[in-house]
Amino acid sequence: MTYHIAVVAGDGIGPEITQAAQQVLERVGSRYGHTFQFEQVLAGGAALDAFGVPLPEESLRQCQQADSVLLGAVGGPKWDTLPGHLRPERALLAIRKELGLFANLRPAKLYPQLKEASPLRADIADAGFDIVIVRELTGGMYFGPSGRKDSPDGQQAYDTEIYSVKEIERIARVAFELAQGRAKKLCSIDKANVLESSRLWRETVHRVAADYPDVALSDMLVDNAAMQLVGNPAQFDVIVTSNLFGDILSDEASKLTGSIGLLPSASLGEDKRGMYEPIHGSAPDIAGQGLANPIATILSVAMMLRLSFRLADAADAVEGAVQRVLLSGARTADIAHGGPWVNCARMTELILEELA
Ligand code: NAD
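Residues numbered from 1 in each chain as written. Predicted model: local features only at pLDDT ≥ 70, side-chain atom pairs only at ≥ 80, totals over all residues. Heavy atoms only, no water.

Caption draft 1: Focus on the packing of helix H1 (residues 14-32) against helix H10 (residues 295-308). The geometry of H1 relative to H10 is characterised by a closest axis approach of 8 Å and an angle of 45° between their N-to-C directions. As far as their axial angle goes, H10 and H1 are oblique. With respect to the hand of their crossing, H1 and H10 are arranged in right-handed fashion. Contact with H1, carried on its side by Ile17, Thr18, Ala20, Ala21, Val24, Leu25 and Val28, involves Thr297, Ile298, Val301 and Leu305 of H10 and no other residues of that element. Among the residues forming the contact of H1 with H10, the class breakdown is nine nonpolar, two polar and no charged. (Axes fitted to C-alpha atoms, helices over the stretch in contact; angles between N-to-C directions. Helix = DSSP H or I, 4+ residues; strand = E, 2+ residues; numbered from the N terminus. Parallel < 35°, antiparallel > 145°, perpendicular 65-115°, else oblique. Left-handed = near helix turned anticlockwise from the far one by under 90°. Contact = heavy atoms within 4.5 Å. Nonpolar A, V, L, I, M, F, W, Y, C, P; charged D, E, K, R; others polar.)

Encoded structure:
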């Protein structure tokens, strides 16, 4: 098979880490008999410099026509003072919206060999965890009516959480299907004791559950979930939650794994095309110095192979190669804790050697 991938290298460390991920896909292609064709797409600060807009129409078209999008990261101090509609991050929001990417999947897994990097107490870290948070990405509070108005007490500001049955059903199905391929446990997180939108969320998730009798569904209130994540993360398999709660809980979960440089993500739409990216930003403080950890981006293409291209063997091979390299003791600077470390290119080479 030939797969067309739009590569948005972006800014800062984006070009270094997407280069590493493309090398990994090329190696996967030669091992499994697939061809990956890469089309370089200008977006974010790089597009602002070249065309004065964060996402030129041609760039959006390239993303729409690709089988999937690989994104490094966008942004940096150079563009920080631009007005909102010209910020590099606008490019990401526009790609997500135009491609209908409503489901954000963020795995958070504690590698046993990196336990000491986790802020968790040793006995909790010893139990390990392997969680995927499924966050609704195009609805809820971030997209509901918001504004300001005058009141006798001074200005009032409001944001509105709105969810429809259709939006909840489709994100629930993504989560149930994912749980079917894992430990078959799904925890739906809401605030149904207070919020009407959460009560509709809970009712709908339970109705959808009837179609997935092999998955054990539980509910948890978001405040309890925030505590349970640090107290007993091993209890979770797949979590599904709203845009706002997912934003906060997925950052909390990612911190528990030790380094932001390790964590991939996928944003998916109805047709399983997706945008795959590390959860970190463009790290301008280390750009161009070989200090970037490429693993989050390499694991993002493993997610692409598994979720968009249905190439589970190839995805397993990439994830296995990363695990073995970490097990061998190789570390980039962010996870070396002052010990010896290798640069971005060398870490990539080690993973490629494991994949050969
Ligand atoms: P960041 O994630 O870029 O960096 C936070 C810290 O983590 C920095 O110390 C950085 O050096 C380190 N770091 C990040 N990725 C790393 C990696 N792969 N290897 C080693 N160390 C790594 O967050 P920030 O500093 O708050 O933001 C920098 C820029 O990135 C801003 O312009 C922000 O708007 C943008 N940003 C973009 C995205 C995206 O494109 N998806 C996401 C978040 C932030």
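Caption draft 2: Looking closely at helix H9 (residues 243-256). In this model, H9 (14 residues) spans 20 Å end to end at C-alpha, consistent with the 20 Å of a helix rising 1.5 Å per residue. Where H9 is concerned, the buried positions are Asn243, Phe245, Gly246, Leu249, Ser250, Glu252, Ala253, Ser254 and Leu256. In the core, the buried residues of H9 are packed alongside strand E4 (103-109), strand E5 (130-136), strand E8 (185-190), helix H7 (196-209), helix H8 (222-231) and strand E10 (238-241). Positive phi shows up at Gly258, right after H9, with a value of about 115°. (Expected span 1.5 Å × (residues − 1). Buried < 20%, exposed > 50% of the residue type's maximum accessible area, 1.4 Å probe, protein only.)

Caption draft 3: The arrangement of the environment of Val230 in detail. Secondary-structure assignment places Val230 in helix H8. Val230 sits in the partly exposed class, given a relative accessible area of 38%. Separated by 105 residues in sequence, Val230 and Ala125 place their C-alpha atoms 9.7 Å apart. Leaving out residues up to four positions away in the same chain, Val230 has contacts with Leu120, Ile124, Glu252 and Leu256.

Caption draft 4: Main features of the nonpolar core. Ranked by size, the top nonpolar core spans 65 residues in total, and within it Val24, Leu105, Val134, Phe176, Leu305 and Ile351 carry the most contacts. Taken together, domain 1 (1-103 + 297-356) and domain 2 (119-256) each give at least three residues to this core, which thus spans both. Excluding anything up to four places from it in sequence, Phe176 contacts Leu186, Val205, Val208, Ala209, Tyr212, Val215 and Leu217. Counting residues in hydrophobic clusters, the runner-up holds 20 residues, among them Ile131, Ala225, Ile239 and Ala253. (Core = buried A, V, L, I, M, F, W, Y, C linked by side-chain atoms within 4.5 Å. Domains from an automatic or database assignment.)

Caption draft 5: Main features of H10. Compared with an ideal rise of 1.5 Å per residue, which puts 14 residues at 20 Å, H10 spans 19 Å between its outermost C-alpha atoms and is within 8% of the ideal. The buried fraction of H10 is high, at 13 of 14 residues. Once H10 ends, the next one or two residues include Arg310, with phi positive near 55°.

Caption draft 6: Here's a closer look at the environment of Gly76. Relative to the assigned elements, Gly76 resides in the loop between strand E3 (68-73) and helix H4 (90-98). Classification of Gly76 by relative accessible area gives buried; the value is 10%.

Caption draft 7: Broad picture of the domain arrangement of the protein chain. The domains assigned to the protein chain are domain 1 (1-103 + 297-356) and domain 2 (119-256). Each partner contributes residues to the interface: domain 1 has five residues there, and domain 2 has eight residues. In total, domain 1 and domain 2 occlude about 580 Å² of area from one another, counting both sides; carbon and sulfur atoms represent 80% of this. Considering only the side of domain 1, the residues that lose the most area to domain 2 are Arg96, Phe102 and Ala103, jointly responsible for 76% of the buried surface there. Put simply, domain 1 and domain 2 have zero salt bridges between them. On the surface where domain 1 and domain 2 come into contact, there are one residue pair in polar contact (both at pLDDT 80 or more). Residues of the side of domain 1 that touches domain 2, tallied by class, amount to four nonpolar, no polar and one charged. (Buried area = accessible area lost by both parts, 1.4 Å probe. Salt bridge = Lys/Arg side-chain N within 4 Å of Asp/Glu carboxyl O. Polar contact = N/O pair within 3.5 Å; in protein donor to acceptor, adjacent residues only side chain to side chain.)

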